[in-house]
Amino acid sequence: MRALLILLLLAVLPARAAMDITRELEMPQHVVPGQPVRIAITFWTDSWFNPPPEWPDFKIENGSLMSTPLPNQLLSRQKNGISWSGIRLEKQVTAWDQGVLRLPAVEITLTSPNQPPVTVQLPELKKEVVWPKGVEQPDRFLPASNLTLSQKITQYHASKDTTLHAGDVVERIVTVKANGIVATQIPQLLYAIPGTETQRLTPVNTMLKSGRGEIEGAQREETLRYLPSQAGTITLPPIKLRWWDTANQQWQVAQLPGSTMPVAQARAAGSESALRGTTGQDKWQTVLVISAIAFLLLLIWFTRRLLMRCLKYLHHAWRRFWSPVQLPELTPTKRGER
């Protein structure tokens with residue numbers, strides 16, 4: 001029994017329940033305002049974590065910590081002949097202006113049940129953030145590792161014709177997809193044009209995620225409806241979006257073509273009862289209705305004899321139901337002869 005206890009003691013002797021923390025910034029050589037960089041905090045132990053690690057509280061100077069964390073990772077390492085297990089927590093931080101992104105030095109105390117507390121000193125981390133050359137409008141500066149621009153133009157008519165009249169609607173939807181940004185960084189792209197009234201819908205912002213659920217960027221869908229008020233032509237201007245390519249460290253320009261559409265006179269009063277999109281669905285609905293009516297007529301023609309028999313049977317049943325029924329007399333007929 002004593003030998004078994006000694007073996008167990010030797011087996012658990014290397015596991016001293018030591019703990020450690022490392023902190024690092026993952027970033028490219030050049031960082032511009034609005035470009036997110038990654039902060040990684042790794043908790044190390046030579047036994048196990050109880051309770052599990054949580055993101056430590058520390059201040060960030062000249063930067064904002066993104067609220068959505070990236071997925072956690074499990075790591076391992078060898079140090080002084082001892083195997084360590086690690087849990088890596090990651091978040092993003094962004095500097096919104098030129099200066100120094102700084103993570104001050106901080107002391108963090110780790111606690112574990114039945115173990116003395118361990119205090120770890122995290123060193124200071126900093127990175128210089130500089131505007132690239134050629135910045136014209138800092139409030140419209142858009143850094144991204146990749147960006148695509150697309151649009152959809154749809155006409156809505158008050159009648160079934162395909163001619164655009166005054167009083168109809170032209171809808172333009174522009175979609176921006178970019179990696180390495182948040183949706184609020186994408187500037188407004190659609191504006192009113194002369195000769196039209198406009199209706200701006202609320203932009204729709206969504207996050208772009210990878211297959212593992214990591215947030216890679218953002219998508220912004222902007223919609224503007226133009227209402228021509230008089231005959232003539234309306235010209236939707238081309239769109240140019242100048243953005244900074246953080247992957248190649250150079251300026252890029254994303255473009256969308258414009259469109260020119262003639263506008264006819266307004267329709268007569270009362271003809272604008274409903275706006276219809278030029279999708280061609282009404283024509284197919286008319287064809288389907290006509291086909292259904294023709295099929296029903298053919299079915300009636302080929303079953304006309306059976307239908308006539310059914311009608312005659314129903315007519316006889318109806319007459320028989322309503323025909324009078326002779327009842328026997330209720331009083332004796334020879335009552336007075338007594």
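**Some remarks on helix α3 (residues 304-322)**
Piece 1. Along its 19 residues, α3 runs 27 Å from first to last C-alpha, staying within 8% of the 27 Å computed at 1.5 Å per residue.
Piece 2. For α3, the tally of buried residues reaches only zero of 19 residues, placing the bulk of the element at the surface.

**Remarks on the environment of A231**
Piece 1. Relative to the helices and strands, A231 resides in the loop between β15 (215-228) and β16 (232-236).
Piece 2. The spatial distance from the C-alpha of A231 to the C-alpha of G195 is 9.2 Å, given a sequence separation of 36 residues.
Piece 3. Look past the residues within four positions of A231 in its chain and what remains in contact with it is A166, V263, A264 and Q265.

**A word on a positive patch on the surface**
Piece 1. On the surface, R304, R305, R309 and K312 cluster together into a positively charged patch.
Piece 2. Given a relative accessible area of 36%, R304 falls into the partly exposed group.

**A word on the sheet that holds strand β17 (residues 239-245)**
Piece 1. The strand order β10-β17-β18 describes an open sheet built from three strands, whose pairing is mixed. Edge positions in the open sheet fall to β10 (143-144) and β18 (250-256), since each of these has one partner strand only.
Piece 2. Looking at chain direction, β10 and β17 are connected through two bridges and run parallel. Opposite A144, over in β17, you have D245 as the bridge partner.

**Description of the pattern of salt bridges**
As a working rule, side chains carrying opposite charge can pair if their charged atoms are close by.
Piece 1. Enumeration over the complete set of coordinates arrives at 13 salt bridges.
Piece 2. The shortest N-O distance in the salt bridge between R88 and E26 comes to 2.1 Å. Here E26 lies in strand β1 (residues 19-26) and R88 lies in strand β5 (residues 82-94), a separation of 62 residues in the sequence.
Piece 3. Here R267 makes a salt bridge to D161, at a shortest N to O gap of 2.9 Å. Taken together, the residues R267 in the loop between β19 (259-263) and β20 (276-277) and D161 in the loop between β11 (146-157) and β12 (169-179) connect sequence positions 106 residues apart.
Piece 4. Here R267 falls in the buried class, since its relative accessible area comes to 17%.
Piece 5. Beyond isolated ion pairs, a larger network of salt bridges with shared partners links E24, E26, R38, R88 and E90.

**With respect to the nonpolar core**
Piece 1. Formed by 28 residues in total, the largest nonpolar core has its most connected members in L147, L149 and L241.
Piece 2. For this core, the secondary-structure elements that each account for two or more residues are β11, β12, β15, β16, β17, β18 and β19.
Piece 3. Ranked by size, the runner-up nonpolar core spans 23 residues in total, among them V31, I108, L110 and V120.

**A closer look at the packing of aromatic side chains**
Piece 1. For the structure shown, the criterion picks out four aromatic pairs.
Piece 2. Seen from their ring centres, W131 and F141 are 5.2 Å apart, and the 80° between their planes marks the pair as edge-to-face. On the criterion of sequence distance, the pair formed by W131 in the loop between β9 (125-129) and β10 and F141 in the loop between β9 and β10 is long-range, its members being 10 residues apart.
Piece 3. Judged by relative accessible area, which is 8%, F141 ranks as buried.
Piece 4. A connected cluster of aromatic rings, assembled from ring pairs, spans W131, F141, W244 and W251.
Piece 5. The ring of W44 carries the charged tip of R77 above its face, separated from the ring centre by 4.2 Å.
Piece 6. When the ring centre of W301 is taken as reference, the NZ or CZ atom of R304 above it lies at 4.0 Å.

**Quick look at the confidence of the model for the protein chain**
Piece 1. Mean pLDDT over the protein chain stands at 83; residues scoring 70 or higher make up 85%.
Piece 2. Across residues 3-15, confidence stays below pLDDT 50; counting only partners more than four residues off in sequence or on other chains, it has two contacts.

**Things to note about the layout of surface pockets**
Piece 1. When its volume is computed, the second largest pocket comes out at roughly 280 Å³.
Piece 2. Around the second largest pocket, the lining is made up of 16 residues, and of these F43, P52, P53, E54 and L110 lie nearest the centre.
Piece 3. Along the lines of polarity and charge, the residues of the lining of the second largest pocket split into 10 nonpolar, four polar and two charged.

**Examining the side chain of T154**
Piece 1. Along the chain, the position of T154 falls in strand β11.
Piece 2. Excluding its chain neighbours within four sequence positions, the residues that come into contact with T154 are V169, V170 and E171.

**Describing the side chain of T42**
Piece 1. Mapped onto the secondary structure, T42 falls in strand β2 (residues 37-45).
Piece 2. Excluding its chain neighbours within four sequence positions, the residues that come into contact with T42 are D20, I21, T22, L75, G86, I87 and R88.

**Describing a nonpolar patch on the surface**
Piece 1. Side chains of V289, I293, F295, L296, L297, L299, I300 and L307 sit close together on the surface and give an oily, nonpolar patch of about 770 Å² of accessible area.
Piece 2. Here I300 lies in helix α2 (residues 281-302).
Piece 3. The exposure class of I300 is partly exposed, given its relative accessible area of 43%.

Analysis parameters
- Residues numbered from 1 in each chain as written.
- Predicted model: local features only at pLDDT ≥ 70, side-chain atom pairs only at ≥ 80, totals over all residues.
- Heavy atoms only, no water.
- Helix = DSSP H or I, 4+ residues; strand = E, 2+ residues; numbered from the N terminus.
- Expected span 1.5 Å × (residues − 1).
- Buried < 20%, exposed > 50% of the residue type's maximum accessible area, 1.4 Å probe, protein only.
- Contact = heavy atoms within 4.5 Å.
- Patch = residues over 30% accessible without salt bridge, like charges linked within 9 Å, V, L, I, M, F, W, Y side chains within 5 Å.
- Areas by Shrake-Rupley, 256 points an atom, 1.4 Å probe, with all protein chains shown as cover.
- Salt bridge = Lys/Arg side-chain N within 4 Å of Asp/Glu carboxyl O.
- Lys, Arg positive; Asp, Glu negative; His and termini not counted.
- Charge placed at Lys NZ, Arg CZ, Asp CG, Glu CD.
- Pairing = 2+ DSSP bridges.
- Core = buried A, V, L, I, M, F, W, Y, C linked by side-chain atoms within 4.5 Å.
- Phe/Tyr/Trp six-rings, centres within 6.5 Å; stacked < 30°, edge-to-face > 60°.
- Lys NZ or Arg CZ within 6 Å of the ring centre and 35° of its normal.
- pLDDT = per-residue confidence, 0-100.
- 1 Å grid on protein atoms, 1.4 Å probe; cavity = no way out; pocket = protein on both sides within 12 Å on 5 of 7 lines; lining within 4 Å.
- Points joined across faces, edges and corners; volume = space filled by probe spheres on them.
- Nonpolar A, V, L, I, M, F, W, Y, C, P; charged D, E, K, R; others polar.

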